[in-house]
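The primary structure of each chain is shown beneath.
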Amino acid sequence: MPVLGLGTWENDEPAQCTESVANALDAGYRHVDTAQIYGNEAAVGEGIAESDVDREDVFLASKVWIDNLAPADVAASTRESLDKLGVDSVDLMYVHWPAGEYEPAETLPAFAELRDDGLIDRIGVSNFEPEHLDAAADALGEAPFANQVEMHPLLRQEELREYADANGVELVAYSPLARSEVLDDPAIVDIAEKHGVSAAQVSLAWLRESGVTAIPKATGIDHIRDNLASLDLDLDDEDVAAIDDLGRTDRQLNPDFGPDW
């Protein structure tokens, strides 16, 4: 799985979304993440179509919203997503939250059927804690391919990282810059100045070296390129230790319908 992707949450102005997706792919990104609830699947699909990158070279992911997690709605809404995206299948489809209509024993077999039918290639979950992952694995007969969660140097998700390593689950980090909070953290800024890079690159490099795929949102080409340049940054042991020692648990997103953290 790619180690850096383009997130599109809140990128809901169609022309801007289409342009940012096309620009990111042309700049070198190969992973694009969207969701039904974002309201931008059509614009994301147009961006992929307008880029110079072939569809088969793009790792495309979307998410089924909590109102569509009953089995019949999983199937119907996924087909609607594919129509909006203008594709025959997606590489990864997530359960967006373990909430709403989600019932592991009913929802996840519906995802498996979509995979059997060739409409999705991999089954993922999002915002799952270890107990939710265990229940999902029981329902699927296998671990989900990926778990997408909020993760950044201010919320390091040690327990989920250990679970992922032990169970072969890919971790994908949304809000990898903590909604810009990492940009002002003194330890992150010091590391950035040491390497002559941006604080955003430090955060993204730390996630990569933690074995996590980050999907930062970026609309302007300068931010798109700056995030991509994080792939060239190698943090040393001292840098990683400084971030691991921050000791903060600053969660940026904690909706009422989500798990009780």
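Please refer to the structure placed before this passage.
Now for a look at the structure at hand. Everything numeric in this text was worked out from a predicted model, so none of it was measured. Sequence order sets the numbering: in each chain, residues are counted from 1 along the sequence as written. Residues qualify for local features only when their pLDDT is at least 70, as the model is predicted, and side-chain atom pairs are given and counted only at 80 or more; totals for whole chains, interfaces and linings, by contrast, use all residues. Computation of side-chain values: all heavy atoms of the structure, hydrogens and water removed.

### Let's talk about the overall build of the protein
Item 1. A run of H or I in DSSP counts as a helix once it spans at least four residues, and a run of E counts as a strand once it spans at least two, with each numbered from the N terminus. Check the secondary structure of the protein and you find 10 helices and eight strands.
Item 2. Radius of gyration means the value over C-alpha atoms here, while the globule rule gives 2.2 Å times the residue count to the 0.38 power. Computed over C-alpha atoms, the radius of gyration of the protein comes to 18 Å, within 12% of the 18 Å expected from 2.2 N^0.38 for 261 residues, which places it in the range of a compact globule.
Item 3. For the C-alpha atoms alone, the extent of the protein along its principal axes is close to 55 × 40 × 30 Å.
Item 4. A buried classification covers 52% of the 261 residues belonging to the protein.
Item 5. Contacts are assigned to residue pairs with any non-hydrogen atoms lying within 4.5 Å of each other. Counted over contacts in the protein with a minimum sequence separation of 6, partners at least 24 positions apart contribute 76%.
Item 6. A total of about 11,100 Å² of accessible surface is found on the protein, and carbon and sulfur atoms cover 42% of it.
Item 7. Charge centroids of the protein, computed over 16 positive and 56 negative side chains, lie 2 Å from each other. Type-normalised accessible area, obtained with a 1.4 Å probe on protein chains alone, sets the label of each residue: buried when under 20%, exposed when over 50%, and partly exposed for intermediate values. In these tables, accessible area is a Shrake-Rupley quantity obtained with a 1.4 Å probe, and a residue counts as shielded only by the protein chains included in the view. Charged residues are defined here as Lys and Arg on the positive side and Asp and Glu on the negative side; His and the ends of the chain fall outside this count. Every charge is mapped onto a representative atom, which is NZ of Lys, CZ of Arg, CG of Asp or CD of Glu.

### Concerning helix H1 (residues 14–27)
Item 1. The terminal C-alpha atoms of H1 lie 20 Å apart, and with 14 residues this matches the ideal 20 Å at 1.5 Å per residue to within 8%.
Item 2. Turning to H1, its buried residues number three or more, namely Cys-17, Thr-18, Ser-20, Val-21, Ala-22, Ala-24 and Leu-25.
Item 3. On its buried face, H1 is in contact with strand E1 (6–7), strand E2 (31–33), helix H2 (41–50) and helix H9 (221–228).
Item 4. One or two positions beyond H1, positive phi appears at Gly-28, with a value near 135 degrees. By this rule, a helix spans an expected 1.5 Å times one less than how many residues it contains.

### Some thoughts on the sheet that holds strand E7 (residues 170–174)
Item 1. One requirement defines pairing of two strands: DSSP has to find at least two bridges between them. Taken in spatial order, the eight strands of this open sheet run E1-E2-E3-E4-E5-E6-E7-E8, and their pairing is parallel. Edge strands, defined here as strands with exactly one partner in the open sheet, are E1 and strand E8 (212–214).
Item 2. As paired elements, strand E6 (residues 146–150) and E7 share five bridges and run parallel to each other. Bridge pairing in E7 links Ala-146 to Glu-170.

### Quick look at the pairing of E6
Item 1. With five of five residues buried, E6 is to be regarded as a mostly interior element.
Item 2. The sheet contact formed by strand E5 (residues 123–126) and E6 spans three bridges and is parallel. Across the sheet, the residue bridging to Gly-124 is Ala-146, located in E6.
Item 3. This β-α-β element, E5 to helix H5 (residues 130–140) to E6, shows right-handed connectivity.
Item 4. Crossovers are described as right-handed under a simple rule: with the strands pointing away from the observer, the path leading from the first strand over the helix to the second runs clockwise. As for the winding sense of the linkage, the β-α-β connection from E6 through helix H6 (residues 158–167) to E7 is right-handed.

### Thoughts on a negative patch on the surface
Item 1. The grouping of Glu-131, Asp-134, Asp-138, Glu-159, Glu-162 and Asp-165 at the surface amounts to a negative patch.
Item 2. When residues of the negative patch are traced back to their parent elements, those giving at least two are H5 and H6.
Item 3. Turning to its location among the elements, Glu-159 is positioned in helix H6. Only residues above 30% relative accessible area that lack a salt bridge enter a patch, with like-charged residues linked at up to 9 Å and the nonpolar side chains Val, Leu, Ile, Met, Phe, Trp and Tyr linked at up to 5 Å. The rule for a salt bridge is simple: a side-chain nitrogen of Lys or Arg has to be within 4 Å of a carboxyl oxygen of Asp or Glu.

### Description of the packing of helix H3 (residues 71–85) against helix H4 (residues 104–116)
Item 1. To obtain each axis, a line is fitted to C-alpha atoms, and for helices this fit is confined to the stretch in contact; angles are then taken between N-to-C directions over 0 to 180 degrees. Between H3 and H4, the shortest axis-to-axis distance is 8 Å and the interhelical angle comes to 40 degrees. It follows that H3 is oblique to H4 by the angle criterion. Where H3 crosses over H4, the two elements pack in a sense that is right-handed. Contact residues: H3 offers Pro-71, Val-74, Ala-75, Thr-78 and Arg-79, while H4 offers Glu-106, Thr-107, Ala-110, Phe-111 and Leu-114. Throughout, the term roughly parallel applies to angles under 35 degrees, roughly antiparallel to angles over 145, roughly perpendicular to angles from 65 to 115, and oblique to all others. Here a crossing is called left-handed whenever its near helix is offset anticlockwise from the far helix by less than a right angle, and right-handed whenever the offset is clockwise.

### Considerations on the pairing of E5
Item 1. Burial along E5 is two-sided: the residues Ile-123 and Val-125 and Gly-124 and Ser-126 are all buried.
Item 2. Pairing analysis gives three bridges linking strand E4 (residues 92–95) to E5, with the strands arranged parallel. If you follow Tyr-94 over to E5, its bridge partner there is Gly-124.
Item 3. The handedness of the E4 to E5 crossover, carried by H4, is right-handed.

### Side note on the packing of H2 against H3
Item 1. Between H2 and H3, whose axes approach to 7 Å, the crossing angle comes to 45 degrees. On the basis of their axis angle, the class for H2 and H3 is oblique. Across from Glu-41, Ala-42, Val-44 and Gly-45 in H2, the residues of H3 making contact are Ser-81, Lys-84 and Leu-85.

### As for the packing of aromatic side chains
Item 1. A pair of aromatic rings is counted whenever rings of Phe, Tyr or Trp (Trp by its six-membered ring) have centres within 6.5 Å, and the orientation is called stacked for planes under 30 degrees apart, edge-to-face for over 60 and tilted otherwise. Within this structure, the stated rule accounts for three aromatic pairs.
Item 2. Between Trp-97 and Phe-257, the ring centres sit 5.2 Å apart and the planes meet at 85 degrees, which makes this aromatic pair edge-to-face. On the criterion of sequence distance, the pair formed by Trp-97 in the loop between E4 and H4 and Phe-257 in the segment after helix H10 (237–244) is long-range, its members being 160 residues apart.
Item 3. Judged by its relative accessible area of 3%, Trp-97 falls in the buried class.

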